[in-house]
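Close look at the chain arrangement
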Amino acid sequence: MERRNATAISAATGAFVSPDPVYVQSTEFVLDPTGYVTVSVYAAEPSDNSSDGVIGLVRDLGEHRA
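Numbering of residues starts from 1 in each chain and follows the order in which that chain's sequence is written. Confidence filtering applies because this is a predicted model: local features only for residues at pLDDT of at least 70, side-chain atom pairs given and counted only at 80 or more, and all residues used for totals across whole chains, interfaces and linings. Hydrogens and water molecules were not included; the side-chain quantities draw on all heavy atoms of the structure.

Attention now moves to the overall build of the chain. Helix and strand definitions here come from DSSP, where helices need a minimum of 4 consecutive H or I residues and strands a minimum of 2 consecutive E residues; each element is numbered from the N-terminal end. What the chain contains, in helices and strands, is two helices and four strands. In sequence order, the chain lays out its α and β elements as α-β-β-β-β-α. Looking at the 66 residues of the chain, the share that counts as buried comes to 12%. Expressed as a percentage of contacts within the chain between residues at least 6 apart in sequence, the contacts between residues at least 24 apart total 14%. Carbon and sulfur atoms make up 56% of the accessible area of the chain, which totals about 5100 Å². Partly exposed residues are those whose accessible area sits between 20% and 50% of the maximum for their type, while under 20% is buried and over 50% is exposed, using a 1.4 Å probe and protein chains only. Any pair of residues with heavy atoms lying within 4.5 Å of one another is described as a contacting pair. Surface exposure here means Shrake-Rupley accessible area, sampled with a 1.4 Å probe, where a residue is shielded only by the protein chains that are shown.

Here you go:
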């Protein structure tokens, strides 16, 4: 990945960029209905996250909002 692309992605999302070699580190976001980031997760190495965990998190956030 070119440095300018990684920098642009980082500026738009807040994701961390590894300097050498240049790459955008694994970044996950959960957005609310308005587009506000409610949760973000950063990992220095790939992770094997299941969709079940995200679904449970979103369900819990919705219940607490009500």
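The linkage connecting Asp 20 with the following residue, Pro 21, adopts the cis geometry, with an omega of 5°. Mapped onto the secondary structure, Pro 21 falls in the loop between β1 (17-19) and β2 (22-24).

This part takes up the side chain of Ser 18. Note on placement: Ser 18 falls in strand β1. Residues in contact with Ser 18, not counting those within four places in the same chain, are Tyr 23 and Gln 25.

Moving on: a nonpolar patch on the surface. Taken together, the side chains of Phe 29, Leu 31 and Val 37 make up a nonpolar region of the molecular surface, amounting to roughly 240 Å² of accessible area. Note on placement: Val 37 falls in strand β4 (residues 37-43). Under the relative-accessibility criterion, Val 37 is labelled partly exposed at 37%. Grouping into patches uses exposed residues only, defined as over 30% relative accessible area, and leaves out salt-bridged ones; the cut-off is 9 Å for like charges and 5 Å for nonpolar side chains (Val, Leu, Ile, Met, Phe, Trp, Tyr). Basic side-chain nitrogens of Lys or Arg form a salt bridge, by our definition, when they fall within 4 Å of a carboxyl oxygen of Asp or Glu.

Now for the environment of Glu 28. By the element assignment, Glu 28 lies in strand β3 (residues 26-31). Given a relative accessible area of 35%, Glu 28 falls into the partly exposed group. Along the backbone, Glu 28 and Val 39 are 11 residues apart, and their C-alpha atoms lie at a distance of 8.2 Å.

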